[in-house]
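# Report on the structure
Spelled out from the first residue to the last, the chains are:
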Amino acid sequence: MVDSQSTPARQRPSIVSISSYLLFLFLALQVISLIITLSTFGKTRDALRAAYADSATDGDQVADVFAVVGIGGSIVLLLLAVVLGVLALFNNQGRNGARITTWIVGGIMVCCVGGSLLSNAAGGFNTGGGTTGDGPSPEEIQRRLEEALPSWVTPVSLLLNVLSLIALIAALVLLALPKANPFFRKQTAAWEPPTPGASYPGNPQAPGQPGYPQASAEPGYPSSGEPSYPPPPAANRPDDTPPTDRPGSNPPPTS
């Protein structure tokens, strides 16, 4: 019989699969957010120019700053979301390093998305011009933006940020649950019971040494006994004297 060792196949827990789906959802939401930002960039820039038309602040410069902050920030978030999507594929394979990296990148994304959500809830676009008296107030800028942009942009953007934050936090929490730990633990070779009827393979001969013949059954001894020896000659006894009536049996008389 043969004893064999092999690495057992790991079954992926459902919480790991759900976490990966949530990361893919987060990536899709970031793609939608970037599309909305790019599609409304022209109207947003026009609204900023109109808001700063009566101030000493250059409206084009403000619009350029918004382009760098708004478009650039959305692209960075999308790239990080792509990284999370790739990490989700490695998480499905049980890579513990990918899980740790997911927590790090995901934590950064939670801060970014959460900060953007709090900023929008606190008053939206703010350039700081109202604090110096050299530009429109944040309320005036927000009003201009709401007039220039479609009515669905603000609530949809807010909804996308909320869903993104919930999906990301849920994905990170699912990866941290104790039920997912065995899947990411390094597997060792497990002993398998021997297969009935199997035999050990023969040991290979060392190079340069003749192989010994296999031991065979000893030949059986012949069934017959020891060879018989001739019987010893019989001793002369008195009653073995040849009879006298036979010719030539008696010795000749002496004179």
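This text follows the structure it describes.
So, here is what we can say about the structure in this document.

Calculation criteria
Residues numbered from 1 in each chain as written. Predicted model: local features only at pLDDT ≥ 70, side-chain atom pairs only at ≥ 80, totals over all residues. Heavy atoms only, no water. Helix = DSSP H or I, 4+ residues; strand = E, 2+ residues; numbered from the N terminus. Contact = heavy atoms within 4.5 Å. Phe/Tyr/Trp six-rings, centres within 6.5 Å; stacked < 30°, edge-to-face > 60°. Buried < 20%, exposed > 50% of the residue type's maximum accessible area, 1.4 Å probe, protein only. Axes fitted to C-alpha atoms, helices over the stretch in contact; angles between N-to-C directions. Parallel < 35°, antiparallel > 145°, perpendicular 65-115°, else oblique. Left-handed = near helix turned anticlockwise from the far one by under 90°. Nonpolar A, V, L, I, M, F, W, Y, C, P; charged D, E, K, R; others polar.

Summarising the element assignment, T40 is placed in the loop between α1 (14-39) and α2 (41-51). T40 has contacts with L149 and V153, leaving out every residue within four places of it along the chain.

Another point: the packing of aromatic side chains. With the rule as written, the count across this model stands at two aromatic pairs. Seen from their ring centres, F183 and F184 are 5.3 Å apart, and the 80 degrees between their planes marks the pair as edge-to-face. In this structure F183 comes out as buried when scored by relative accessible area, which is 6%. Residue classification places F184 among the buried positions, given a relative accessible area of 5%.

Glancing now at the packing of α2 against helix α6 (residues 138-148). Where α2 contacts α6, the two axes come as close as 9 Å, and the packing angle between them is 140 degrees. As judged from the angle between their axes, α2 and α6 are oblique. Classified by chirality, the crossing of α6 by α2 is right-handed. In this structure, α2 contributes K43, T44, A47, L48, A50 and A51 to the contact, and α6 contributes I141, R144, L145 and A148. Of the residues assigned to the contact of α2 with α6, the class counts are seven nonpolar, one polar and two charged.

Following both chains from N to C, one finds α1 and helix α7 (residues 153-176) inclined at 155 degrees, their axes separated by 8 Å at the closest point. The angle between α1 and α7 falls in the class roughly antiparallel. α7 is crossed by α1, and the crossing has left-handed handedness. Contacts between α1 and α7 pair I15, I18, S19, L22, L23, L25, F26, L29, Q30, I32, S33 and I36 from the former with V153, V156, S157, L160, L163, S164, A167, L168, A170, A171, L174 and L175 from the latter. In terms of residue class, the contact of α1 with α7 is made up of 19 nonpolar, five polar and no charged.

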